[in-house]
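# Results of the structural survey
Spelled out from the first residue to the last, the chains are:
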Amino acid sequence: MAQLGPPRYGFHAFAPAKAWPRRSAGPADRSEVKDLFHSLGVEYSALELDKIDDGPSIQEVLLELTSQRTVPNVFINGNHVGGCDQTFQAYHNGTLQKLLRDGKGEEMESYDYDLIVIGGGSGGLACSKEAATLGKKVMVLDYVVPTPLGTTWGLGGTCVNVGCIPKKLMHQAALLGQALQDSRKFGWEYDQQVKHNWETMTEAIQNYIGSLNWGYRVALREKSVTYLNAYGEFIGPHKIKATNRKGQETFYTAQAFVIATGERPRYLGIPGDKEYCITSDDLFSLPYCPGRTLIVGASYVALECAGFLAGLGLDVTVMVRSILLRGFDQEMAEKAGAYMETHGVKFIRKFVPIEVIKLEDGMPGKLKVIAKSTEGSQMIEGEYNTVLIAVGRDACTNTIGLDKIGVKMNEKNGKIPVNDEEQTNVPHVYAIGDILEGKPELTPVAIQAGRLLARRLFGGSSVKCDYINVPTTVFTPLEYGCCGLPEEQAIEQFGQENIEVYHTFFWPLEWTVPNRDNNTCYAKIICSKLNNNQVIGLHVLGPNAGEITQGFGAAMKCGITKELLDETIGIHPTCAEVFTTMEITRSSGQDITQSGC
Ligand code: FAD
Ligand code: NA7
């Protein structure tokens, strides 16, 4: 036993590393425990049983002493802690710190908070409130760096202030315009000239957002979460600096941290972009109607903004570098785009702006955009009142001191890789939401991850966030909802011969009387022939696609098959019922156009 002799803290290993049990998809257990001790600033000695001659006999003694055969086998000051899981469990419930502290015979630094969350958006608020509900002392910091034009907003993050909420409300404003047109066919008579007032809409939406900001503050107070309107930045493994609007700095420590700083719109890096262009961060509170608008980019943010601005009656052009809605099913993306095109949105394909020049000041002013073809040397130019850049979003991870505490990130895109428990490579630092590498960037995902993380950290839960088959909807004028795989990915993963696609056009009953757009709404499911025709992708293009997709998302989580869909009785007359009556496969080549309901 003398050979074991861990000076103060030790763990012992034997057998080839590849045979060790892994705690998660992350690094092997041994290095996770080492990382934990590193992050706690603990000196330890490691006896690598697979690298010493008498490893097997030591392992036999350890088995006798601890009834544990696996490694690592952790001791603190002669006390047996256990393997990786037990060590982390002890860390999360504080026993580990107590063992370390007592062994040192000195008071270990006590932290100001159990948990500090950096970022008070969808994920950060959910996580901090849940941790406080579980009895922990929690601080959340939220700070909005103003846009280049000076736009800023209140507590709650992207979704509530400059994302889902104002976007969906402006989409609704546009849909009402369409409903007004339809209403005449349903017998409504009105003489007044119909026009839209941007200021009235924006003020009403901003008032609603203000009430949500207030509600979040109240909720934090009620749960005794300390809220700080300050920019958080790591300055030590367990210490952050908080800088408020006036530049005053304060310092706080915590046992654990959650990074939930989200993303901000990317700019093009061309002359005139930051000076004269806006992004979605500016649009929803723009104090004047944007007028003739050029939207650069073909992400969902670009197409949604283009859709509702056109729906409000503005002259809108979208400049597309390559394809619409990269990452989404391309058949659906093209159909959503085609509908926009027939409803007034212009598309300039395969061009990128290279310079924006101010022609006139004003609200709105006038800008000249010079653009270059992506396929040759052709240049074009155009005049617009507003240029909205929507070319993706950058993770807010570069200026929060991650380098100071050794949290790894993807240098190319600033995203943070985590294991399946949202834990970074530094064990007491976690990350959730849009900044995660390879995860869906959606509000409910950030909320679910944050809430479950708090329950695992402080509530004894082991439930992890499931990032598979997350349903979502693009709120283009014709909404596009989906869950599971795009057809391209299904083919890539399963092979064309192993999938079956069922599809159909459908005509919403509400559209028949005004005689609108037959054979534009479209639904398809992709089924795996390898697995009992399980639905692996569901796509719908039509009104209220979000409402439809949500329910089928639950069904897909339960593993719904084509047969079960066929057995489901539809609700008539609805759009969603189309999924219960699909008969035509793409492979049959049969006509799917509709002539009636
Ligand atoms: P965020 O909500 O972005 O919150 C991060 C917060 O941290 C922000 O308030 C930020 O200012 C703050 N912060 C950053 N750095 C610091 C720091 N160092 N210190 C203190 N605070 C900091 N999702 C949907 O599900 N449905 C939709 O319809 C939808 N529509 C969208 C429309 C648009 C235009 C956009 C831009 C996004 C949309 N999203 C939608 C995405 C959704 O908004 C995000 O997925 C969600 O907000 C991510 O939550 P989060 O907690 O990761 O980050
Ligand atoms: P995405 O999905 O990253 O898309 C960015 C869009 O902007 C995309 O259409 C790009 O075209 C376009 N883009 C990017 N750079 C340029 C330049 N320099 N010039 C012109 N156009 C450009 O954006 P989001 O952040 O909105 O989406 C985030 C998530 O939403 C994403 O993960 C999806 O799952 C859904 P490209 O196709 O690259 O040619």
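Keep in mind it's a predicted model, so treat the numbers as computed, not measured. (Residues numbered from 1 in each chain as written. Chains lettered and ligands numbered in written order. Predicted model: local features only at pLDDT ≥ 70, side-chain atom pairs only at ≥ 80, totals over all residues. Heavy atoms only, no water.)

## Considerations on the sheet that holds strand β24 (residues 521-528)
Taking strand neighbours across the sheet as the criterion, the five strands line up as β21-β22-β25-β24-β23 in an open arrangement whose pairing is antiparallel. If you trace the sheet from one side to the other, it starts and ends with β21 (472-474) and β23 (499-506), each paired once. Here the average twist between neighbouring strands, direction ignored, is 15°. (Pairing = 2+ DSSP bridges. Helix = DSSP H or I, 4+ residues; strand = E, 2+ residues; numbered from the N terminus. Axes fitted to C-alpha atoms, helices over the stretch in contact; angles between N-to-C directions.)

## Describing the site of ligand 2
In the vicinity of ligand 2, 16 residues are found, and the nearest of them are A298, R321, S322, R326 and V391. Interatomic distance of 3.2 Å between a side-chain N/O atom of S299 and an oxygen atom of ligand 2. At 3.4 Å from an oxygen atom of ligand 2 is found a main-chain nitrogen or oxygen belonging to R393. Contact with the protein chains covers 75% of the free accessible surface of ligand 2, which is 780 Å². Its residues assigned to classes, the shell around ligand 2 shows eight nonpolar, four polar and four charged. (Near = heavy atom within 4 Å. Polar contact = N/O pair within 3.5 Å; in protein donor to acceptor, adjacent residues only side chain to side chain. Areas by Shrake-Rupley, 256 points an atom, 1.4 Å probe, with all protein chains shown as cover. Nonpolar A, V, L, I, M, F, W, Y, C, P; charged D, E, K, R; others polar.)

## Concerning the UniProt feature "active site" (unreviewed entry) in the protein chain
Feature annotation in UniProt places "active site" (unreviewed entry) on H572, given in this structure's numbering. Positionally, H572 belongs in the segment after α18 (562-567). Within the structure, H572 has its side chain in polar contact with the side chain of E577 (distance 2.7 Å). (UniProt positions renumbered as here; feature names shortened; annotations may be inferred.)

## Observations concerning the site of ligand 1
Taken together, 35 residues lie around ligand 1, and D142, Y143, T158, K167 and D434 are the ones closest in. Here L442 contributes a backbone N or O atom positioned 3.2 Å from an oxygen atom of ligand 1. Coverage of ligand 1 by the protein chains reaches 95% of its 1,000 Å² of free accessible surface. Residue assignment for the shell around ligand 1 shows that the elements contributing at least two residues are α5 (122-133), α6 (157-162), α7 (164-185), β8 (230-236), α11 (300-311) and α14 (443-458). The greatest single-element share of the shell around ligand 1, amounting to four residues, is contributed by α6. A per-class count over the shell around ligand 1 returns 17 nonpolar, 13 polar and five charged.

## Considering the UniProt feature "binding site: FAD" (unreviewed entry) in the protein chain
Taking the UniProt record as the reference, the feature "binding site: FAD" (unreviewed entry) is found at K168, G232 and D434. Considering the C-alpha atoms alone, the annotated residues occupy 267 residues of sequence and remain spread out, their largest mutual distance being 30.2 Å.

## What to know about the nonpolar core
Core analysis: the biggest nonpolar cluster contains 73 residues, and L283, I525 and F579 have the highest contact counts within it. Residue contributions to this core peak at eight residues, all from α11. Setting aside its immediate chain neighbours within four residues, F579 contacts A523, K524, I525, L538, H539, V540, I548, F552 and L565. With 53 residues, the next largest nonpolar core counts L220, V225, I416 and F458 among its residues. (Core = buried A, V, L, I, M, F, W, Y, C linked by side-chain atoms within 4.5 Å. Buried < 20%, exposed > 50% of the residue type's maximum accessible area, 1.4 Å probe, protein only. Contact = heavy atoms within 4.5 Å.)

## Quick word on the pattern of salt bridges
This structure, assessed with the given rule, holds 28 salt bridges. The shortest N-O distance in the salt bridge between E441 and K415 comes to 2.6 Å. Highlighted residues: E441 in the loop between β20 (429-431) and α14 and K415 in the loop between α13 (402-405) and β20, separated in sequence by 26 residues. Among the residues examined, E441 registers a relative accessible area of 34% and is labelled partly exposed. Here the residues in one salt-bridge network are D329, E331, K335, E487, K524 and R586, joined through shared partners. (Salt bridge = Lys/Arg side-chain N within 4 Å of Asp/Glu carboxyl O.)

## Side note on α14
For α14, built from 16 residues, the straight-helix expectation of 22 Å at 1.5 Å per residue is met to within 8% by its first-to-last C-alpha distance of 23 Å. The complete set of buried residues in α14 reads T443, V445, A446, A449, G450, L452, L453, A454, R456, L457 and F458. Following α14 by one or two positions, G460 adopts a phi angle in the positive range, close to 70°. (Expected span 1.5 Å × (residues − 1).)

## Examining the sheet that holds strand β14 (residues 346-349)
Overall, parallel pairing links the four strands, which are arranged β14-β13-β12-β18 in an open sheet. The open sheet is flanked by β14 and β18 (386-389), the only strands paired with a single partner. Across the sheet, the mean angle from the axis of one strand to that of its neighbour is 20°, orientation sign disregarded. Pairing between strand β13 (residues 316-320) and β14: four bridges, direction parallel. In the strand pairing of β14, V320 is matched with R349.

## Considering unusual backbone geometry
With glycine set apart, most residues show a phi of negative sign, and most peptide bonds adopt trans. A cis amide bond links M363 with the next residue in sequence, P364, at an omega value of 5°. In the segment running from H572 into P573, the intervening peptide bond is cis, with an omega of -5°. Take P573: it is sitting in the segment after α18. In the Ramachandran plot, S224 falls in the positive-phi region, its phi being about 60° despite a non-glycine side chain. The topology assignment puts S224 in the loop between α8 (198-222) and β7 (226-228). Its relative accessible area of 56% is what places S224 among the exposed residues. One non-glycine residue with positive phi stands out, namely N533, at about 60°. Along the polypeptide, N533 turns up in the loop between β24 and β25 (534-541). The exposure class of N533 is partly exposed, given its relative accessible area of 22%.

## Quick look at the environment of T374
The topology assignment puts T374 in the loop between β16 (366-373) and β17 (379-384). Here T374 falls in the partly exposed class, since its relative accessible area comes to 38%. For the pair T374 and V352, spaced 22 residues apart in sequence, the C-alpha to C-alpha distance is 6.9 Å. Every residue in contact with T374, bar those within four places of it in the chain, is listed here: R321, K350, F351 and V352.

## Remarks on the packing of α7 against α11
Contact geometry of α7 with α11 gives a least axis separation of 8 Å together with a crossing angle of 35°. Read as a crossing pair, α7 and α11 show a hand that is left-handed. Contacts between α7 and α11 involve K167, M170, H171 and A174 on the former and, on the latter, Y300, E304, F308 and G311. Grouping the amino acids of the contact of α7 with α11 by side-chain chemistry returns four nonpolar, two polar and two charged. (Left-handed = near helix turned anticlockwise from the far one by under 90°.)

## Brief notes about the side chain of T279
Residue position: T279 is located in the loop between α9 (273-276) and α10 (280-283). Non-local contacts of T279, meaning those with residues more than four positions away in its chain, are made with P265, Y267, L388 and I389.

## Some thoughts on the packing of aromatic side chains
Under the defined criterion, the tally for this structure stands at eight aromatic pairs. With a centroid separation of 6.0 Å and 65° between ring planes, the pair formed by F328 and Y480 is classed as edge-to-face. With F328 in the loop between β13 and α12 (330-342) and Y480 in strand β22 (residues 480-484), the pair connects residues that are 152 residues apart, well separated along the chain. Y480 sits in the buried class, given a relative accessible area of 0%. Measuring from centroid to centroid gives 5.4 Å for F505 and Y522, while their planes differ by 55°, and the two rings are tilted. Taken as a pair, F505 in strand β23 and Y522 in strand β24 lie far apart in primary sequence, 17 residues in all. When sorted by exposure, F505 lands in the same class as Y522, which is buried. Positioned over the ring face of Y190 is R184, at 4.0 Å from the centre of the ring. Here the guanidinium or amino end of K335 rests over the ring plane of Y522, the centre of that ring lying 4.5 Å away. (Phe/Tyr/Trp six-rings, centres within 6.5 Å; stacked < 30°, edge-to-face > 60°. Lys NZ or Arg CZ within 6 Å of the ring centre and 35° of its normal.)

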